[in-house]
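# Coordinate analysis (summary)
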Amino acid sequence: MRFLILPLPALAGLALLVSAAIGQPAPSPQIVEGQRLYAENCAACHGDDGRRGAGFQTPIWGERTQIRKFSNALGLFEYNQMMMPFDDPTRLTDEQKWAIVAYMLFNHGAIARDATLEAGKAATVGIQ
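Residues numbered from 1 in each chain as written. Predicted model: local features only at pLDDT ≥ 70, side-chain atom pairs only at ≥ 80, totals over all residues. Heavy atoms only, no water.

A separate point is the nonpolar core. If you look at the biggest cluster of nonpolar residues, it comprises 27 residues, and the most contacted ones within it are Ile 67, Leu 76, Leu 105 and Leu 117. Secondary-structure elements contributing two or more residues to this core are helix 2 (29–41), helix 4 (73–83) and helix 5 (94–108). No other element matches helix 5, which puts eight residues into this core. For Leu 117, the contacting residues outside a window of four places in its chain are Gln 30, Ala 73, Trp 98, Val 101, Ala 102, Leu 105 and Val 125. (Core = buried A, V, L, I, M, F, W, Y, C linked by side-chain atoms within 4.5 Å. Buried < 20%, exposed > 50% of the residue type's maximum accessible area, 1.4 Å probe, protein only. Helix = DSSP H or I, 4+ residues; strand = E, 2+ residues; numbered from the N terminus. Contact = heavy atoms within 4.5 Å.)

Before going further, it helps to examine the packing of helix 2 against helix 5. One way to put it is that helix 2 packs onto helix 5 with a least axis distance of 7 Å and a crossing angle of 100°. Viewed along their axes, helix 2 and helix 5 adopt a mutual orientation that is roughly perpendicular. Residues Gln 30, Ile 31, Glu 33, Gly 34, Gln 35, Leu 37 and Tyr 38 of helix 2 form the contact with helix 5, whose own contacting residues are Gln 96, Trp 98, Ala 99, Ile 100, Ala 102, Tyr 103 and Phe 106. (Axes fitted to C-alpha atoms, helices over the stretch in contact; angles between N-to-C directions. Parallel < 35°, antiparallel > 145°, perpendicular 65-115°, else oblique.)

The next thing to look at is the environment of Phe 106. Tracing the sequence through the fold places Phe 106 in helix 5. By relative accessible area, Phe 106 is classed as partly exposed at 26%. With residues up to four places along the chain from it excluded, the contact list for Phe 106 reads Ile 31, Ile 111, Ala 112 and Arg 113.

Turning to the side chain of His 46, a few remarks are in order. With respect to the element layout, His 46 can be found in helix 3 (residues 43–46). With residues near it in sequence (within four places) discarded, His 46 still touches Tyr 38, Arg 51, Arg 52, Gly 53, Phe 56, Ile 60 and Met 84.

What follows deals with a nonpolar patch on the surface. Taken together, the side chains of Tyr 79, Met 82 and Met 83 make up a nonpolar region of the molecular surface, amounting to roughly 310 Å² of accessible area. Here Met 83 is to be found in helix 4. (Patch = residues over 30% accessible without salt bridge, like charges linked within 9 Å, V, L, I, M, F, W, Y side chains within 5 Å. Areas by Shrake-Rupley, 256 points an atom, 1.4 Å probe, with all protein chains shown as cover. Salt bridge = Lys/Arg side-chain N within 4 Å of Asp/Glu carboxyl O.)

Turning our eyes to something else, we now look at helix 2. Spanning 13 residues, helix 2 covers 18 Å between terminal C-alpha atoms, matching the ideal 18 Å at 1.5 Å per step. Within helix 2, the full set of buried residues consists of Gln 30, Ile 31, Val 32, Gly 34, Leu 37, Tyr 38 and Asn 41. (Expected span 1.5 Å × (residues − 1).)

Further remarks concern the confidence of the model for the protein. Of the residues in the protein, 83% have a pLDDT of 70 or more, and the chain-wide mean is 87. Within the model, the stretch residues 1–6 combines pLDDT values under 50 with two contacts to residues more than four positions away or in other chains. (pLDDT = per-residue confidence, 0-100.)

Next up on the list: the packing of aromatic side chains. Think of a pair of aromatic rings as described by two things: how far the centres are apart, and how the planes are tilted against each other in angle. The tally for this structure, following the rule as stated, stands at five aromatic pairs. Above the plane of the ring of Tyr 79 lies Lys 69, whose end atom (NZ or CZ) is 6.0 Å from the centre. (Phe/Tyr/Trp six-rings, centres within 6.5 Å; stacked < 30°, edge-to-face > 60°. Lys NZ or Arg CZ within 6 Å of the ring centre and 35° of its normal.)

Shown next as C-alpha cells:
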C-alpha cells in the first residue's frame, strides 16, 4: 500500500478544492492559516480535534467547553495573548494568534468558514 504525504500548505489548498467541489464556501485564508498554526503550536496539548490533547483533556471548542467563559472573540484572543502557547506566549505574532482564534471559533460554530476575524470587531463576535 502506498501513501501520499502532503505538506501542510498543500493540504490547505486541497481543502479549498474540496470545499468548492461540494458547494461549500472556501475557508477564509485566515482560517486556513489558523488551522496550520493550530496543528503546529496547539494540537500537541489540545489534540487535533481540540478535544483530547495529551496536555489538556478538556475539550476547548464545541458543546460543554470552557470557550464560553470568554464571551467574545476579544476575550479569547486576550487569553491566548497572555497564556498561549504555554511554553512561550511571545512565540506567535498577534496576526498568528488572531488566525488561531478564528480557526477555534469556526470549529465552535461562532463564525462562518469564510469569515475573517478583525481585531477591531472582535468584541462584537459572541461565543455561545
